[in-house]
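A closer look at the structure
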Amino acid sequence: QKQTTRVVLDPSLKILEGDYSVLRDGFETLIYHLQSEGQGVDDVTTLDLGDSVKLVGVKESVPRINNSNRHLSPELVLKDLSSRGF
C-alpha cells in the first residue's frame, strides 16, 4: 500500500540536526524551509537525504515584528503543494 507524502514545515531546517526516522525511512517527504538569500526555489543542500526526501525553499512572506522568529507562508506552501498535484 502506497504511503501518503509527508509534509514538514521547518523554517530553519533544524530537523537536519537530528537523527530522525522521517529522514531515513524511505517514505516520500517534503521539507519546506525558508529560502536563504541567493538560494534557488528548490535548492537542495549537499547532504545525502536520499531520493525520498526533498527540501523545498520558500521565500519569507509573513512580516517579522521586532526581529521575531521567521515564518513560512502557509499560502506559498499550499500553492507549491497544489503545483505538485496535492
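Before any of the text, the structure's been laid out above.
Let us look at the structure shown here.

Calculation rules
- Per chain, residues are indexed from 1 in the order of the written sequence.
- In keeping with the model being predicted, local features are shown solely for residues with a pLDDT of at least 70 and side-chain atom pairs are shown and tallied solely at 80 or more, while totals for entire chains, interfaces and linings include all residues.
- Note that water and hydrogens are dropped before the side-chain values are worked out from all heavy atoms of the structure.
- Remark: exposure states derive from per-residue accessible area (1.4 Å probe, protein chains only) relative to the maximum for the residue type, with buried under 20%, exposed over 50%, and partly exposed in between.
- Numbered from the N terminus, helices here are DSSP runs of H or I no shorter than four residues, and strands are runs of E no shorter than two.
- Taken from the helix axis, the directions to the C-beta atoms give the arc we talk about.
- Here, two residues are considered to be in contact whenever any of their heavy atoms come within 4.5 Å of each other.

Let us now look at helix α1 (residues 74-83). For α1, the complete set of buried residues consists of Val77, Asp80 and Leu81. One side of α1 carries all its buried residues, which in axial view fall inside an arc of 100°. Facing away from the buried side of α1, by more than 90 degrees, are the exposed residues Glu75, Leu78, Lys79 and Ser83. Elements that come into contact with the buried residues of α1 comprise β1 (6-9), β2 (29-34) and β3 (53-58). Following α1 by one or two positions, Gly85 adopts a phi angle in the positive range, close to 90°.

Relative to the elements of secondary structure, Val58 occurs in strand β3. Assessed through its relative accessible area of 8%, Val58 is described here as buried. Those residues in contact with Val58 that lie beyond four places of it in its chain are Tyr32, His33, Leu34, Gln35 and Leu72.

In short, geometric facts, not functional conclusions.
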